[in-house]
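What follows is each chain in one-letter form.
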Amino acid sequence: MNTEMNWNSVCWKSPSNIALVKYWGKYGQQLPRNASISFTLDKSYSQTTIFFRKRQSDQLLLDFQLKGQSNEAFQLRIAKYLDRIVETLPALNDLELRIETENTFPHSAGIASSASGFSAIALGLCSIAEKYEPLPREFFQTASCLARLGSGSAARSVYGGAVLWGETNWYQQTANEYAIPVNTEIHPVFASYRDSILIVSDGIKAVSSTIGHSLMHEHDFEHARFAQADQNLKKLQMALQTGNQTEFVQIVENEALSLHAMMMTSKPWFLLMKPETLEIIHRISYYRERKKIPIAFTLDAGPNIHLLYPESAETEIHAFIHEELESFCYQKQVIHDKVGAGPKVFDLS
Ligand code: PMV
């Protein structure tokens with residue numbers, strides 16, 4: 001490694017995740033008001049290369065490019081983020097960084113691009129920092145803490161499969177600072193679960209999740225919501241362990257609609273679902289009744305639907321999407337994803 005003049009680089013591919021029990025409401029330094037659990041995805045990921053070298057001068061400490069284009073808004077967000085994390089990784093103080101990132105899915109579409117984006121950056125920065133000094137905690141734990149500081153849900157993307165973030169009595173060794181993988185407690189049917197993402201709109205979100213989280217303070221249902229999330233987590237743990245898909249469907253849909261109910265009853269209120277979102281939800285519910293196949297919808301902070309179902313139903317569900325749902329999607333866009341194995345590193349140096 002020539003750290004004097006030449007650029008070295010690390011590259012991480014890190015996936016997005018879909019929350020089953022939702023994180024909505026935070027305190028302190030991006031700490032969650034309730035514990036959440038998610039499936040890490042496979043095909044929806046960010047690929048981020050960070051070039052680094054010893055600082056040559058006081059100038060140009062950071063350059064950020066999204067899909068090969070400089071982006072001032074992101075550059076500013078990343079610069080602020082780096083200011084926050086040098087405390088944890090002081091080696092970064094002596095470096096110049098060039099960050100190049102690409103997503104495999106539309107940005108700001110309610111697919112958590114911030115989860116994949118910040119987890120990829122955090123993993124990259126940990127890979128770089130550990131070349132100079134020991135990390136304060138185990139590698140992925142450090143990365144999860146740092147990803148969290150960029151975007152809460154990003155804390156969960158540093159692991160594959162099912163991932164839990166936040167303190168709860170229902171699992172062991174949980175923490176608000178970082179996420180933990182919980183795959184040993186998952187029935188095999190869920191390990192290969194499918195997630196078809198129905199893109200109702202690929203526009204920028206009307207209300208950022210930062211504002212949404214803050215509206216949980218003094219929300220009329222604040223305490224009821226955090227108690228509900230904890231109970232749902234307890235029930236989901238059992239469903240995930242035993243492979244009870246009927247229970248899984250009920251909890252996951254209850255969480256999705258509760259999240260959006262919180263948005264609709266915030267002061268001020270906001271509503272991210274579109275008419276097409278509701279049409280798709282009705283059709284999913286009717287299809288489930290008719291076919292007795294355990295399919296579940298869920299939503300993040302946006303209008304798009306994540307349709308979760310077992311691998312064994314893939315052919316039928318793809319046909320259902322094609323025949324009945326696709327026409328309600330923006331330009332018929334559907335991303336067929338599944339539960340994935342988590343981030344991957346490519347060390348280029
Ligand atoms: O990570 P943030 O701050 O963008 O919050 C995302 C919150 C939800 O996606 C709505 C739920 C979750 O747990 O991922």
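The model shown is predicted, which means the values in this text are computed figures rather than measured ones. (Residues numbered from 1 in each chain as written. Predicted model: local features only at pLDDT ≥ 70, side-chain atom pairs only at ≥ 80, totals over all residues. Heavy atoms only, no water.)

(A) A look at a nonpolar patch on the surface. Nonpolar side chains collect at one region of the surface, where Met264, Trp269 and Leu271 lie side by side and expose about 340 Å² of accessible area between them. Mapped onto the elements, Trp269 comes out in the loop between helix H7 (245–264) and helix H8 (275–291). Using a relative accessible area of 58% as the deciding quantity, one classes Trp269 as exposed. (Patch = residues over 30% accessible without salt bridge, like charges linked within 9 Å, V, L, I, M, F, W, Y side chains within 5 Å. Areas by Shrake-Rupley, 256 points an atom, 1.4 Å probe, with all protein chains shown as cover. Salt bridge = Lys/Arg side-chain N within 4 Å of Asp/Glu carboxyl O. Helix = DSSP H or I, 4+ residues; strand = E, 2+ residues; numbered from the N terminus. Buried < 20%, exposed > 50% of the residue type's maximum accessible area, 1.4 Å probe, protein only.)

(B) Examining the domain arrangement of the protein chain more closely. Taken domain by domain, the protein chain comprises domain 1 (8–185 + 344–348) and domain 2 (189–338). Between domain 1 and domain 2, the C-alpha centre-to-centre distance is 24 Å. At the junction of the two partners, domain 1 supplies 34 residues and domain 2 supplies 50 residues. Summed over both partners, the interface of domain 1 with domain 2 comes to about 3,600 Å²; 64% of that surface belongs to carbon and sulfur atoms. Considering only the side of domain 1, the residues that lose the most area to domain 2 are Lys22, Trp24 and Trp170, jointly responsible for 26% of the buried surface there. Viewed at the interface, domain 2 and domain 1 are joined by 2 salt bridges. A salt bridge links Glu222 to Arg33; its shortest N-O distance comes to 3.0 Å. Scanning the region where domain 1 abuts domain 2 turns up 17 residue pairs in polar contact (both at pLDDT 80 or more). For the side of domain 1 that touches domain 2, the secondary-structure elements that each account for two or more residues are strand S1 (8–21) and strand S4 (36–54). The element contributing the most residues to the side of domain 1 that touches domain 2 is S4, with 8 residues. Grouping the constituent residues of the side of domain 1 that touches domain 2 by class yields 18 nonpolar, 10 polar and 6 charged. (Domains from an automatic or database assignment. Contact = heavy atoms within 4.5 Å. Buried area = accessible area lost by both parts, 1.4 Å probe. Polar contact = N/O pair within 3.5 Å; in protein donor to acceptor, adjacent residues only side chain to side chain. Nonpolar A, V, L, I, M, F, W, Y, C, P; charged D, E, K, R; others polar.)

(C) Structural detail: the packing of aromatic side chains. For the structure shown, the criterion picks out 13 aromatic pairs. Taking 6.0 Å as the distance between ring centres and 20° as the angle between the ring planes, the aromatic pair formed by Trp12 and Phe139 counts as stacked. Placement of the pair is Trp12 in strand S1 and Phe139 in helix H3 (residues 139–150), with a sequence separation of 127 residues. One exposure class covers both Trp12 and Phe139, and it is buried. Plain terms: the ring middles of Phe64 and Phe74 are 5.9 Å apart, the flat faces sit at 45° to each other, and that makes the pair tilted. Taken together, the residues Phe64 in strand S5 (residues 62–66) and Phe74 in helix H1 (residues 72–85) connect sequence positions 10 residues apart. By the ring-pair criterion, three or more aromatic residues cluster together here, those being Trp12, Phe139, Phe140 and Tyr159. (Phe/Tyr/Trp six-rings, centres within 6.5 Å; stacked < 30°, edge-to-face > 60°.)

(D) Summary view of the packing of helix H6 (residues 222–242) against H7. Where H6 meets H7, the axes come as close as 9 Å, and the angle between the chain directions of the two elements is 160°. In terms of axis orientation, H6 runs roughly antiparallel to H7. For the pair H6 and H7, the sense of crossing is left-handed. Every residue of H7 that contacts H6 at Arg225, Gln228, Ala229, Asn232, Lys235, Leu236, Ala239 and Leu240 is listed here: Glu247, Phe248, Ile251, Asn254, Glu255, Ser258 and Met262. Here the contact of H6 with H7 is built from residues that sort into 7 nonpolar, 4 polar and 4 charged. (Axes fitted to C-alpha atoms, helices over the stretch in contact; angles between N-to-C directions. Parallel < 35°, antiparallel > 145°, perpendicular 65-115°, else oblique. Left-handed = near helix turned anticlockwise from the far one by under 90°.)

(E) Here's a closer look at unusual backbone geometry. Look at the link from Lys267 to Pro268: it is a cis peptide, with omega at 0°. Within the secondary structure, Pro268 is located in the loop between H7 and H8. Its identity is not glycine, yet Gln173 carries a phi of approximately 55°, on the positive side. Relative to the elements of secondary structure, Gln173 occurs in the loop between strand S8 (162–165) and strand S9 (179–181). A relative accessible area of 72% means that Gln173 is categorised as exposed. A positive phi is found at Glu218, a non-glycine position, where the angle reads about 60°. Note on placement: Glu218 falls in the loop between helix H5 (209–214) and H6.

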